[in-house]
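Report on the structure
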Amino acid sequence: MARVKVESTWYPLEPEESVLDGLLRQGVAVPHSCRAGACQSCMMRGVAGNVPPTAQSGLKDTLKARSYFLACMCKLPEGTGLEVAGAQDLRVPARITAVEQLTADVLRVSLEPEAPLDYRAGQYITLLRADGLARSYSLASLPREKHLELHVRQVPGGTMSGWLAREARPGEQVALQGPAGDCFYVPGASEAPLLLAGTGTGLAPLYGIARDALEQGHTGPLFLFHGAREPGGLYLVETLRELAARHANFHYRPNVLCGGGDGVEEGSIEALVRTILPKRPLGWRAYLCGNVEGVLSLRKKLFLAGFSLKDIHADAFLPSTPPGGPLAGAA
Amino acid sequence: MSSVYEQLGGEPAMAAAVELFYRKVLADDRISHYFEDVDMDRQAAKQKAFLTMVCGGPSHYSGKDMREGHRHLVKRGLNDIHFNAVAEHLQGTLEELGVSADLVRQVMAVAEGARADVLNR
Ligand SMILES: Cc1cc2nc3c(=O)[nH]c(=O)nc-3n(C[C@H](O)[C@H](O)[C@H](O)COP(=O)(O)OP(=O)(O)OC[C@H]3O[C@@H](n4cnc5c(N)ncnc54)[C@H](O)[C@@H]3O)c2cc1C
Ligand code: HEM
Ligand code: FES
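Fair warning: this is a prediction, and the values are worked out from it, not measured in the lab. (Residues numbered from 1 in each chain as written. Chains lettered and ligands numbered in written order. Predicted model: local features only at pLDDT ≥ 70, side-chain atom pairs only at ≥ 80, totals over all residues. Heavy atoms only, no water.)

Brief notes about the interface of chain A and chain B
Inclusion rule: Any two residues whose heavy atoms approach within 4.5 Å are treated as being in contact. Computed with a 1.4 Å rolling probe, the buried area is the accessible surface lost when two parts are put together, summed over both parts. Salt bridges are defined by distance alone: a side-chain nitrogen of Lys or Arg within 4 Å of a carboxyl oxygen of Asp or Glu. Under the rule applied, a polar contact is a pair of N or O atoms within 3.5 Å (in protein, one hydrogen donor and one hydrogen acceptor; residues adjacent in sequence only if both atoms are side-chain atoms). Following the grouping adopted for this structure description, the nonpolar residues are Ala, Val, Leu, Ile, Met, Phe, Trp, Tyr, Cys and Pro, the charged ones are Asp, Glu, Lys and Arg, and the polar ones are all others, Gly among them.
Counting residues at the interface gives 10 residues for chain A, matched by 10 residues for chain B. When chain A packs against chain B, close to 940 Å² is buried across both sides, 63% of that on carbon and sulfur atoms. Our count for the contact surface shared by chain A and chain B stands at one salt bridge. Linking chain A with chain B are five residue pairs in polar contact (both at pLDDT 80 or more), by the criterion used here. Split into classes, the residues belonging to the side of chain A that touches chain B amount to five nonpolar, two polar and three charged.

Looking at the nonpolar core
We apply this condition: Only buried Ala, Val, Leu, Ile, Met, Phe, Trp, Tyr and Cys residues count toward a nonpolar core, and they belong to the same one when joined by side-chain atoms within 4.5 Å. Relative accessibility decides the category of a residue: with a 1.4 Å probe and only protein chains considered, values under 20% of the type maximum give buried, values over 50% give exposed, and everything between is partly exposed. Helix and strand definitions follow DSSP, with helices as H or I runs of at least four residues and strands as E runs of at least two, each counted in order from the N terminus.
With 53 residues, the main nonpolar core has Leu195, Phe225, Val273, Leu288 and Leu302 of chain A together with Cys55 and Leu90 of chain B as its most contacted residues. Among the elements that take part in this core, helix α2 (residues 10–26) of chain B stands out by supplying seven residues, more than any other. If we skip the residues at most four places from it in the chain, Phe225 of chain A touches Leu195, Leu196, Ala197, Gly198, Arg253, Asn255, Ile269, Leu272, Val273 and Ile276 of chain A. Within the second largest apolar cluster, 29 residues are counted, among which are Ala140, Leu214, Ala228 and Val256 of chain A.

Observations regarding the sheet that holds strand β9 (residues 134–138) of chain A
Residue and element names in this part refer to chain A. To keep it simple, the criterion reads: Strand pairing is defined by DSSP finding a minimum of two bridges between the two strands. Every angle, taken between N-to-C directions, lies between 0 and 180 degrees, and every axis is a line fitted to C-alpha atoms, over only the stretch in contact when it is a helix.
Strand order in the open sheet formed by six strands is β9-β8-β11-β6-β7-β10, with antiparallel pairing between adjacent strands. The open sheet has two edge strands with one neighbour each: β9 and β10 (148–153). Strand-to-strand twist across the sheet, computed as the mean angle between neighbouring axes with direction ignored, equals 40°. As paired elements, strand β6 (residues 91–103) and strand β7 (residues 106–113) share eight bridges and run antiparallel to each other. When the bridges of β7 are listed, Ala98 appears paired with Ser110. Each of β6, β7, β8 (124–128), β9, β10 and β11 (173–180) is contacted by helix α3 (residues 159–166), which is oriented at about 75° to β9, the strand it contacts most.

Brief notes about the site of ligand 2
Residue and element names in this part refer to chain B. Threshold: A single heavy atom is enough: if one lies within 4 Å of a molecule or strand, its residue is considered near that molecule or strand.
Taken together, 19 residues lie near ligand 2, and Tyr34, Lys46, Tyr61, His70 and His72 sit nearest. In the model, an oxygen atom of ligand 2 is placed 2.7 Å from a nitrogen or oxygen of the Tyr61 side chain. Separating an oxygen atom of ligand 2 from a side-chain N or O atom of His72 is a distance of 3.2 Å. Sorting the residues of the shell around ligand 2 by element identifies α3 (40–54), α4 (63–75) and α5 (80–96) as the ones contributing at least two each. Tallied by class, residues from the shell around ligand 2 come to 15 nonpolar, three polar and one charged.

Section: the pattern of salt bridges
Evaluation of the coordinates by the stated rule reveals 26 salt bridges over all chains. In this structure, Glu149 of chain A and Arg108 of chain A form a salt bridge, with 3.3 Å as the shortest nitrogen-oxygen distance. Of this pair, Glu149 of chain A sits in strand β10 while Arg108 of chain A sits in strand β7, and the two are 41 residues apart along the sequence. Relative accessible area serves as the criterion here: at 13%, Glu149 of chain A is assigned to the buried category. Here the residues in one salt-bridge network are Asp80, Glu112, Arg115 and Arg121 of chain B, joined through shared partners.

So, α3 of chain B
We apply this condition: Expected helix span is computed as 1.5 Å times (number of residues minus one).
Helix length check: α3 of chain B, at 15 residues, gives a terminal C-alpha distance of 21 Å against a target of 21 Å (1.5 Å per residue), a fit within 8%. Of the positions making up α3 of chain B, those classed as buried are Met40, Gln43, Ala44, Gln47, Leu51, Thr52 and Val54 of chain B. Summarising the contacts, the buried residues of α3 of chain B are in contact with α7 (292–304) of chain A together with α1 (4–8), α2, α5 and α6 (101–113) of chain B. Where α3 of chain B terminates, the next one or two residues include Gly56 of chain B, which has phi positive at roughly 80°.

Regarding the coordination of the iron atom of ligand 2
To keep things clear, this is the line we draw: Note: metal donors comprise N, O and S atoms at 2.8 Å or less from the metal (3.2 Å for Na, K and Ca); water molecules are not included, so apparent gaps in a site are possible.
The protein supplies the iron atom of ligand 2 with one donor atom, His70 of chain B (NE2), which lies at 2.1 Å. Here His70 of chain B lies in helix α4.

What to know about the domain arrangement of chain A
Residues and elements named next belong to chain A. This is how the line gets drawn: Residue ranges assigned to the domains are those given by an automatic or database domain assignment.
Split by domain assignment, chain A resolves into domain 1 (2–86), domain 2 (90–180) and domain 3 (194–317). Using only C-alpha atoms to locate each centre, domain 1 and domain 2 end up separated by 25 Å. Domain 1 puts 12 residues into the contact, and the matching count from domain 2 is 12 residues. Summing both partners gives a buried area of about 870 Å² for domain 1 against domain 2, and 50% of it is carried by carbon and sulfur. The interface formed by domain 1 and domain 2 holds zero salt bridges in total.

Quick notes on the site of ligand 1
All names here are of chain A. Neighbouring residues of ligand 1: 23 residues in total, closest Ser136, Thr159, Met160, Ser161 and Ser320. Arg153 has a polar backbone atom sitting 2.9 Å from an oxygen atom of ligand 1. Elements that contribute at least two residues to the shell around ligand 1 include exactly β9, β10 and α3. Ranked by the residues each element gives to the shell around ligand 1, the list is headed by β9, at four residues. Class assignment for the residues of the shell around ligand 1 results in 12 nonpolar, nine polar and two charged. Both domains that furnish three or more residues to the shell around ligand 1 are identified here as domain 2 (90–180) and domain 3 (194–317).

Focus on the pairing of β8 of chain A
Residues and elements named next belong to chain A. Within β8, five of the five residues are buried, leaving the element largely enclosed by the surrounding structure. Because side chains alternate across β8, one face comprises the buried residues Tyr124, Thr126 and Leu128, and the other comprises Ile125 and Leu127, equally buried. With five bridges connecting them, β8 and β9 associate as antiparallel partners. Bridge assignment links Leu128 to a residue of β9, and that residue is Ala134. Between β8 and β9, which follow one another and run antiparallel, lie five residues, and Gly132 among them has a positive phi close to 95°.

Okay, structure coming up:
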């Protein structure tokens, strides 16, 4: 039997059970959402004992060095014990400053952290409500801007998104953890063609990355494909058109599955992306964000089209998965 | 004599070979379904382990590991057709990298030697 210790109590783990599932099963509150190693909301810190390296995959080196790990990815070898603590030290208190409706089901949430957050445009943070409910969201803002900006899709029956839409008021106290993720612009090869593609609120990080790249003097072509089911699902259209008018190398390509026209293309985002790719996309870099199936499918298509894996930065917005539930709640 | 792994250029060469090989495998409908991991980086790491092993690089897999590692795939119908397809792409990858015919033959012999274990026979 393996076991895990929290605040002076040892909790036994069942064979193959993760630290997160074992603690939740025995009534210990640990923030969590995807249970698949993608959102980083279940971060904990090892205090004594060995943290398995697989539980630290995707974490920044500075966090690894301080024994932080993802509880949902942490399975302990039989007969071993691990003493852990929560990740309170990594959290910054913040205040919601505004909640606006961008489309019928997308909200813009503005936040002001108590201490400045050191992040790169396009990374994501975990938003924690006072009761410990945790969900991750990509940052649409730039580090030089005063407020953090999130784009949150209202999921039917969604706990966090429903609360943000209906109950959260300006002034509300929350906490932030992060930033995390490697979906951000890296200066260097400033002539490299950049492909940014996402559907729905996948635009949030892409909006940040596009503006960041342009401000850092990127000279290569920058294609932003934003897809929605129908025109009502697109947002920031005028803002992005103005940005395109000011930068000749920025190509904004909004698209919908039905009801196109008036500068909005009709078709699948994958088919449209394919029309701009050269035969050999040498030196291209891609940023893919949003809906899980869409991101994974496009990532595979780009790899097959010749992109190197290290040049594809992808953030799939994995939904929350309840303990005992299917691994991909999005099926 | 040094291994094919060393002659190819060691670890960095494997990293380059992985992308070529993985692309061929994913584009082949006969076998792609075995490799559709949600996490492409993790899959790529496994392909690297495969290439390192057959090229005689530092590898610690035993025949027993090969049996166990592929048992769940055999349950899903893994057979000679799939094995031959993987072997074909392995050969194609090495040839594309300019490996001499002699060395390619060596690697293919190592791969062939793993057939019984991989297919759990
Ligand atoms: C790295 C990362 C970045 C993210 N960035 C953003 C972002 O910028 N904007 C954004 O809107 N979201 C983003 N998400 C998703 C976000 O974290 C939440 O999962 C989402 O807001 C739903 O939370 P909720 O509490 O409202 O709904 P929940 O209460 O978690 O969900 C309610 C029910 O709906 C299901 N469900 C939720 N989402 C989906 C879905 N997409 N498809 C199918 N079923 C679903 C759940 O499984 C559950 O059964 C991101 C996720 C990750 C991992
Ligand atoms: C020469 C024959 C083969 C050798 C030497 C070999 C070697 C390996 C090795 C070393 C691993 C382990 C990687 C790791 O977990 O770190 C592995 C995993 C794997 N192999 Fe093979 N392999 C062979 C043939 C095949 C064939 C024919 C298929 C299917 C068509 C296949 C599919 C897989 C898959 C899907 C995995 C990952 C398993 C998982 O994710 O659980 N292999 N192989
Ligand atoms: S990373 Fe562990 S719950 Fe999402």
